[in-house]
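Coordinates in review
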Amino acid sequence: MNLAKLLHQYLNAADVHNSTLRALGWFDFLNGPPDSDDARIVAARAVHHLIIDESGRQIWHDDSVLYAILAFTQAARGGRQPTAVIDKLSKVLEASPVTLTSLEAWFLSEYE
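So, here's what we can say about the structure. (Residues numbered from 1 in each chain as written. Predicted model: local features only at pLDDT ≥ 70, side-chain atom pairs only at ≥ 80, totals over all residues. Heavy atoms only, no water.)

What about the overall build of the protein?
Keep this limit in mind: Counting from the N terminus, the helices are the DSSP runs of H or I reaching at least four residues and the strands are the DSSP runs of E reaching at least two. Just to be clear, the radius of gyration here is over C-alpha atoms, and the globule rule we use is 2.2 Å times residues to the power 0.38. Here the term buried applies to any residue with accessible area under 20% of the maximum for its type, exposed to any over 50%, and partly exposed to those in between, with areas from a 1.4 Å probe on protein chains only. In what follows, a contact means two residues having at least one pair of non-hydrogen atoms within 4.5 Å. Per-residue and other accessible areas were derived by the Shrake-Rupley procedure at a 1.4 Å probe size, with only the shown protein chains allowed to occlude residues.
A tally of regular secondary structure across the protein gives seven helices and zero strands. Listing each helix as α and each strand as β along the protein from the N terminus yields α-α-α-α-α-α-α. Here the C-alpha atoms of the protein give a radius of gyration of 13 Å, agreeing with the 13 Å that 2.2 N^0.38 yields for 112 residues. By the burial criterion, 43% of the 112 residues in the protein qualify as buried. Once local pairs closer than 6 in sequence are excluded, the contacts in the protein between residues at least 24 apart make up 61%. Only carbon and sulfur atoms are counted for the fraction: they give 48% of the accessible area of the protein, which is about 6,000 Å².

Brief notes about the pattern of salt bridges
Two side chains with opposite charge may pair up if their charged atoms get near one another. Rules: Any carboxyl oxygen of Asp or Glu within 4 Å of a side-chain nitrogen of Lys or Arg constitutes a salt bridge here.
Throughout the structure, instances matching the rule amount to four salt bridges. Between Arg-40 and Asp-38 there is a salt bridge, with the nearest N and O atoms lying 2.7 Å from each other. Each member of the pair, Arg-40 as well as Asp-38, is classed as buried. Among the salt bridges present, the one from Glu-110 reaches Lys-88, with a minimum N-O distance of 3.5 Å. Taken as a pair, Glu-110 in helix 7 (residues 100-110) and Lys-88 in helix 6 (residues 82-94) lie far apart in primary sequence, 22 residues in all. Of the residues examined, Glu-110 reaches a relative accessible area of 18% and is grouped as buried. Residue Lys-88 is classed as partly exposed on the basis of its relative accessible area of 39%. Here the salt bridges share partners, and the residues they tie into one network are Arg-80, Lys-88 and Glu-110.

Some remarks on the nonpolar core
The following threshold applies: Think of a nonpolar core as a cluster: buried Ala, Val, Leu, Ile, Met, Phe, Trp, Tyr and Cys residues, connected wherever their side-chain atoms sit within 4.5 Å.
Grouped together as the largest cluster of nonpolar side chains are 35 residues, with contacts concentrated most on Trp-26, Ile-69, Leu-89, Leu-93, Leu-103 and Phe-107. The set of elements that each furnish at least two residues to this core consists of helix 1 (3-13), helix 2 (18-24), helix 3 (26-31), helix 4 (39-51), helix 5 (63-77), helix 6 and helix 7. Considering every element that reaches this core, the biggest residue donor is helix 4, with eight residues.

Looking at the packing of helix 4 against helix 5
Short version of the rule: The convention used is that axes are lines fitted to C-alpha atoms, helices contributing only their stretch in contact, and that angles between N-to-C directions extend from 0 to 180 degrees. Note that the term roughly parallel is reserved for angles under 35 degrees, roughly antiparallel for angles over 145, roughly perpendicular for angles of 65 to 115, and oblique for everything else. Think of it as three bins: nonpolar holds Ala, Val, Leu, Ile, Met, Phe, Trp, Tyr, Cys and Pro, charged holds Asp, Glu, Lys and Arg, and polar takes everything else, Gly as well.
Between helix 4 and helix 5, the least distance of the axes is 9 Å, while the angle of their chain directions is 170°. As judged from the angle between their axes, helix 4 and helix 5 are roughly antiparallel. On the side of helix 4, the interface is formed by Ala-39, Arg-40, Val-42, Ala-43, Ala-46, Val-47, Leu-50 and Ile-51, while helix 5 contributes Val-65, Leu-66, Ile-69, Phe-72, Thr-73, Ala-76 and Arg-77. Among the residues making up the contact of helix 4 with helix 5, the classes are represented as 12 nonpolar, one polar and two charged.

Side note on the packing of helix 4 against helix 7
Rule in force here: Handedness of each helix crossing follows the sense of rotation of the near helix against the far helix: counterclockwise by less than a right angle gives left-handed, clockwise gives right-handed.
At their nearest, the axes of helix 4 and helix 7 sit 9 Å apart, and the two run at 140° to each other. Relative to helix 7, the element helix 4 lies oblique. Judged by the twist between their axes, the crossing of helix 4 over helix 7 is right-handed. Together, Arg-40, Ile-41, Ala-43, Ala-44, Arg-45, Val-47 and His-48 of helix 4 and Leu-100, Leu-103, Glu-104, Phe-107 and Leu-108 of helix 7 make up the contact between the two elements. Each residue belonging to the contact of helix 4 with helix 7 can be placed in one class, and the counts come to eight nonpolar, one polar and three charged.

With respect to the environment of Phe-72
Mapped onto the fold, Phe-72 is located in helix 5. With 34 residues separating them along the chain, Phe-72 and Trp-106 place their C-alpha atoms 15 Å apart. Apart from residues lying up to four places away in sequence, Phe-72 is in contact with Leu-3, Leu-6, Leu-7, Tyr-10, Ala-39, Val-42 and Ala-43.

Right, here's the structure in full:
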């Protein structure tokens, strides 16, 4: 199973509804998933695609989206629970502009 489809299961388990995912562009992401077998890269690209706009600013989103992505990454790579790292990720997301590079760097350092 590709990692993007596995991440979809985590989003569903976190009760992120398909209508919310559709509004965030998730199904476009699924149709052209990142070419990576590293869950950290897939997670970073999913965060960037779903909740960062073209100007690099965070858009409104249900926190369940981030928790699901962090749970997916933690399950694939080990490391700390989502509740232990959400504040660190939130600080990255509050910086403007948020870049894909900064998100990838955060996921790669947090989930070694």
